[in-house]
Number of protein chains: 2
Amino acid sequence: MPTTIVGANVNDKANFVTIAYCGIIQHRPPMLAVSLGKIHYTNAGLKENRTFSVNIPSEDMVEITDYIGMNSGKTIDKSRLFEIFYGKLETAPMIKEAPLNLECKLIKVLDFDGNSEVFLGEIVEAYAKEEILTNGLPDIKKLKPIIFSMHDNNYWQVGEHIGKAWQIGSECEKK
Amino acid sequence: MPTTIVGANVNDKANFVTIAYCGIIQHRPPMLAVSLGKIHYTNAGLKENRTFSVNIPSEDMVEITDYIGMNSGKTIDKSRLFEIFYGKLETAPMIKEAPLNLECKLIKVLDFDGNSEVFLGEIVEAYAKEEILTNGLPDIKKLKPIIFSMHDNNYWQVGEHIGKAWQIGSECEKK
């Protein structure tokens, strides 16, 4: 799973929560899903403003990423932990230190009577630091995202290159 | 993004498609979302049987994983590429060679008038090879899943350990 930091304004103040239940659900228009436990402080802010951000921390941010996952916005003021900026939606706080930020408009909230709410958002803008780009697009080896494994609760780097997609499969045709 | 192989019976025959748009959306009950482009052959089978599987290939399966992503079930018979088994749902084909299989019941299909359909499923059973377990749970370093990066279309290994979740963050409190 990817390690992401979801941002939303709660009571007019930026708040953030570390989330691994995040995935892309559509390419065009670009959409993603984030699942937030109902206990989280952030959920009300997403619903109120109908905007949120998904920030991708790099591995050098692992301590602060874990810290904001360990502590609720009810008890600490997370707006002071980062340099924050806002984009065209005006109410989705984004983290300047994170090399990649996705600014999202809330499209739908799903509730399956379980322990989470699922927020589906359209990505209206993406912001990336120049140094993580190759040919104008995010490069995973420069971005250095944090992979999360559950139950054992560990963070991992992205490792070695295995192969080229839509290419390495042609080896099977030869066999 | 994770690299997964989604399985479904199409016209009573097992078919598989390689998908990176897959993410967990709820812990309890366990649910996931897979997004399949509307052009895919597999979609009709998911809707017909209302069951599907998500198989996690290990890095030694990268060639066959890419191959089934490159070729449609319309043109090749993918039921012969793997040893297939069925579980309690009876119509969700799973791949024996894959070290981890999630058997899913279709709960909801979402369509945002884009190029994909989003299938939300409840995981009713998980099957894992003994050799990827540590203390009875899947171990990411033994599973060796394939990470996918888009646009540049590359497959990657999971790399080195960065830290322990709900632990490394306490370093911030000391600062």
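Residues numbered from 1 in each chain as written. Chains lettered and ligands numbered in written order. Predicted model: local features only at pLDDT ≥ 70, side-chain atom pairs only at ≥ 80, totals over all residues. Heavy atoms only, no water.

Caption draft 1: Representation of the relation of the copies chain A and chain B in the model. Overlaying chain A on chain B yields an RMSD of 0.0 Å, the required transformation being a rotation through 180 degrees with an accompanying axial translation of 0.0 Å. Expressed as a symmetry operation, the mapping of one chain copy onto the other fits a two-fold axis. By C-alpha distance to the rotation axis, the residue of chain A lying nearest is G159 of chain A, at 1.8 Å. The share of interface residues of chain A whose copies in chain B are also at the interface is 100%, consistent with both copies meeting through the same surface. (Least-squares fit on C-alpha atoms with pLDDT ≥ 70 in both. Contact = heavy atoms within 4.5 Å.)

Caption draft 2: Spatial organisation of the environment of W156 of chain B. In this fold, W156 of chain B is placed in strand β13 (residues 154-164). A sequence separation of 153 residues divides W156 of chain B from T3 of chain B, and the C-alpha atoms of the two residues are 9.7 Å apart. Every residue in contact with W156 of chain B, bar those within four places of it in the chain, is listed here: I140, K141, V158, G159, E160, H161 and I162 of chain A together with P145, I146, I147 and S149 of chain B. Of note is the side chain of W156 of chain B, whose polar atom sits 2.9 Å from the side chain of S149 of chain B. (Helix = DSSP H or I, 4+ residues; strand = E, 2+ residues; numbered from the N terminus. Polar contact = N/O pair within 3.5 Å; in protein donor to acceptor, adjacent residues only side chain to side chain.)

Caption draft 3: Representation of the confidence of the model for chain A within the structure. Averaged over chain A, the pLDDT score is 95; the fraction of residues at 70 or greater is 100%. Here the predicted complex scores 0.96 on pTM and 0.94 on ipTM. (pLDDT = per-residue confidence, 0-100.)

Caption draft 4: Examining the packing of aromatic side chains more closely. Residues and elements named next belong to chain A. Taken as a whole and judged by the stated rule, the model has eight aromatic pairs over all chains. The interplanar angle of 80 degrees and the centroid separation of 5.5 Å between the aromatic rings of F16 and F82 together place this pair among those described as edge-to-face. Placement of F16 in strand β2 (residues 13-19) and of F82 in the loop between α2 (62-70) and β6 (84-85) is noted, with a sequence separation of 66 residues between them. Accessibility assignment for this pair places F16 and F82 in one class, buried. Seen from their ring centres, F85 and Y127 are 5.4 Å apart, and the 80 degrees between their planes marks the pair as edge-to-face. (Phe/Tyr/Trp six-rings, centres within 6.5 Å; stacked < 30°, edge-to-face > 60°. Buried < 20%, exposed > 50% of the residue type's maximum accessible area, 1.4 Å probe, protein only.)

Caption draft 5: Structural context of the pairing of strand β8 (residues 100-111) of chain B. All names here are of chain B. As judged from the six bridges shared by strand β5 (residues 51-56) and β8, these two strands associate in the antiparallel manner. Within β8, the position partnered with N55 by the bridge is N101. Of the strand pairs in this sheet, β8 and strand β9 (residues 116-128) are connected by eleven bridges, and their pairing is antiparallel. Among the inter-strand pairings, V109 is bridged to a residue of β9, identified as F119. Between β8 and β9, which pair antiparallel one after the other, the connecting turn spans four residues, and D113 there sits at a positive phi close to 60 degrees. (Pairing = 2+ DSSP bridges.)

Caption draft 6: Local environment of the interface of chain A and chain B. The interface of chain A with chain B comprises 61 residues on the first partner and 61 residues on the second. Of all residues in chain A, W156, I162 and W166 of chain A give up the largest surface area on contact with chain B, accounting jointly for 12% of the area buried on that side. In this assembly, chain A and chain B are joined by zero salt bridges. Between the two partners, chain A and chain B, sit 32 residue pairs in polar contact (both at pLDDT 80 or more). Considering every element that reaches the side of chain A that touches chain B, the biggest residue donor is strand β13 (residues 154-164) of chain A, with eleven residues. Here the side of chain A that touches chain B is composed, by residue class, of 30 nonpolar, 19 polar and twelve charged. (Buried area = accessible area lost by both parts, 1.4 Å probe. Salt bridge = Lys/Arg side-chain N within 4 Å of Asp/Glu carboxyl O. Nonpolar A, V, L, I, M, F, W, Y, C, P; charged D, E, K, R; others polar.)

Caption draft 7: Seen up close, the sheet that holds strand β4 (residues 31-37) of chain B. All names here are of chain B. The antiparallel open sheet is built from seven strands, whose spatial order is β2-β1-β5-β8-β9-β4-β3. The outermost strands of the open sheet, each flanked by one partner alone, are β2 (13-19) and β3 (22-26). Direction aside, neighbouring strands of the sheet carry axes that sit 35 degrees apart on average. (Axes fitted to C-alpha atoms, helices over the stretch in contact; angles between N-to-C directions.)

Caption draft 8: View of the pattern of salt bridges. Counted according to the given criterion, the structure contains ten salt bridges over all chains. In this structure, D111 of chain B engages K38 of chain B in a salt bridge whose closest nitrogen and oxygen atoms are separated by 3.0 Å. Residue D111 of chain B is located in strand β8, and its partner K38 of chain B is located in the loop between β4 and α1 (43-49); the two are separated by 73 residues in the primary sequence. Of the charged contacts, one joins E125 of chain B and K88 of chain B as a salt bridge, the two residues approaching to 3.3 Å between their closest N and O atoms. Taken as a pair, E125 of chain B in strand β9 and K88 of chain B in the loop between β6 (84-85) and β7 (94-95) lie far apart in primary sequence, 37 residues in all. On the basis of relative accessible area, E125 of chain B is assigned to the partly exposed category, the value being 29%. The structure contains a network of salt bridges with shared partners spanning K13, D77 and R80 of chain A.

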